[in-house]
Amino acid sequence: MDAMEVVGTIDHRDREEFRSRGFAILPQVASESEVAWLRQAYDRLFVRRATPGAEDFYDIAGQRDREGPPLLPQIIKPEKYVPELLDSPHFARCRSIASAFLDMAEEELEFYGHAILKPPRYGAPTPWHQDEAYMDPRWRRRGLSIWTTLDEATVESGCLHYLPGGHRGPVLPHHHIDNDDRIRGLMTDDVDPTSAVACPLAPGGAVVHDFRTPHYAGPNLTDQPRRAYVLVFMSAPAEVADPEPRPWMDWG
Ligand SMILES: O=C(O)CCC(=O)C(=O)O
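Conventions we followed
- Residues numbered from 1 in each chain as written.
- Predicted model: local features only at pLDDT ≥ 70, side-chain atom pairs only at ≥ 80, totals over all residues.
- Pairing = 2+ DSSP bridges.
- Helix = DSSP H or I, 4+ residues; strand = E, 2+ residues; numbered from the N terminus.
- Axes fitted to C-alpha atoms, helices over the stretch in contact; angles between N-to-C directions.
- Near = placed C-beta within 6 Å.
- Nonpolar A, V, L, I, M, F, W, Y, C, P; charged D, E, K, R; others polar.
- Contact = placed C-beta atoms within 7 Å.
- UniProt positions renumbered as here; feature names shortened; annotations may be inferred.
- Buried ≥ 20, exposed ≤ 12 C-beta atoms within 10 Å, placed from the backbone.

**Some thoughts on the sheet that holds strand 8 (residues 160-162)**
- The strand order 5-13-8-11 describes an open sheet built from four strands, whose pairing is antiparallel. Looking at strand neighbours, the two that pair on one side only are strand 5 (126-129) and strand 11 (197-199), the edges of this open sheet. Taking the axes of each pair of neighbouring strands and ignoring which way they run, one obtains an average angle of 20° across the sheet.
- Pairing of strand 8 with strand 13 (residues 215-217) involves three bridges; the strand directions are antiparallel. Paired with histidine 161 across the bridge in strand 13 is tyrosine 216.

Written as structure tokens, this is what we have:
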């Protein structure tokens, strides 16, 4: 029996929370049985594909040529390897939720997934960043991420933290982690973490954040893995007439 009611729709309070704070909390977007299915798909994916050099596998926090286990392993577009992910009720629910938050028809939304694993008692923090800092400034997209946890996500295991309202400001200056451009991950120093809101969740719960909302997750200090499956939904790109410089990007 599934313990909590799975909610695939949002109401005006969720919308208002998202509009004013740049994030919203959805306590249950996947049922217990869906979480069990997602976990086994996720684990198989990491066993098969989480090897250095594998296509779509990255260590966000480790240097490209680093030896040893990845610090913050991530698989981009897991749906390429497990197409059933897109047939799942969880995906349908998330697409409908994204459509409601973005006020765009489902058919107009582009999307992709990514999976970020924090193994037990191992792994780096995900430093403060805005997702938009990773994007090409020559193209503007409206969008959001729906971050579903497959495990208990707590402050100790690496739940997400947000800076409320940060999505209404600019894209902040970012740099590569440790100022080392062999590390793929970006971070910003321009946040005041004392005003951050931590978002602990039970398995199957989700947080939704705008591309511009600054966010952070700590290292996993617990004996359980912290498996997050993220679905990113966005509008088609619109060309920006006068793009802002993002010197941390490869194109300078
Ligand atoms: O799962 C994490 O540690 C970070 C997730 C994140 O930054 C994102 O989904 O945008």
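**Regarding the site of the ligand**
- Neighbouring residues of the ligand: Ile116, Thr126, Asp131, Ser145, Trp147, Gly158, His215, Ala217, Ala228 and Val230.
- Listing elements by their share of the shell around the ligand, those giving two or more residues are strand 7 (143-149), strand 13 and strand 14 (226-234).
- Taken together, the residues of the shell around the ligand break down into five nonpolar, four polar and one charged.

**Things to note about the sheet that holds strand 1 (residues 23-26)**
- Taken in spatial order, the seven strands make up an open sheet running 1-12-7-14-4-3-2, and their pairing is antiparallel. Two strands close off the open sheet at either side, each with one partner strand: strand 1 and strand 2 (57-59). Each neighbouring strand pair of the sheet contributes to a mean axis angle of 20°, computed without reference to strand direction.
- Here four bridges tie strand 1 to strand 12 (residues 206-210), and the two strands are oriented antiparallel to one another. Bridge pairing in strand 12 links alanine 24 to valine 208.
- Contacts between helix 1 (residues 12-21) and the sheet are confined to strand 1 and strand 12, with strand 1 contributing the most and set at about 145° to the helix.
- Running at roughly 145° to strand 7, helix 3 (residues 89-102) makes contact with strand 7, strand 12 and strand 14 of the sheet.

**A word on the UniProt feature "binding site: 2-oxoglutarate" (unreviewed entry) in the protein chain**
- Per the UniProt record, "binding site: 2-oxoglutarate" (unreviewed entry) is annotated on Thr126, Trp147, His209 and Arg226.
- Along the chain, the position of histidine 209 falls in strand 12.
- Those residues in contact with histidine 209, other than ones at most four positions away along the chain, are Gly22, Phe23, Leu144, Ser145, Tyr162 and His215.
- Mapped onto the elements, arginine 226 comes out in strand 14.
- Look at arginine 226 and you get buried, because 26 C-beta atoms sit within 10 Å.
- Not counting residues within four places of it along the chain, the set of residues in contact with arginine 226 comprises Lys118, Asp151, Ala153, Ser157, Gly158 and Asn220.

**Details of the pairing of strand 14**
- Burial of strand 14 is extensive: nine of the nine residues sit out of reach of the surface.
- The alternating pattern of strand 14 places Arg226, Ala228, Val230, Val232 and Met234 and Arg227, Tyr229, Leu231 and Phe233 on opposite faces, both of which are buried.
- Both strand 4 (residues 110-118) and strand 14 contribute to a ladder of nine bridges, which runs antiparallel. Following the sheet pairing, histidine 114 is matched in strand 14 by valine 230.
- Two strands pair when backbone bridges link them, and strand 7 and strand 14 are joined in this way by seven bridges, in the antiparallel orientation. Bridged to glycine 143 within strand 14 is methionine 234.

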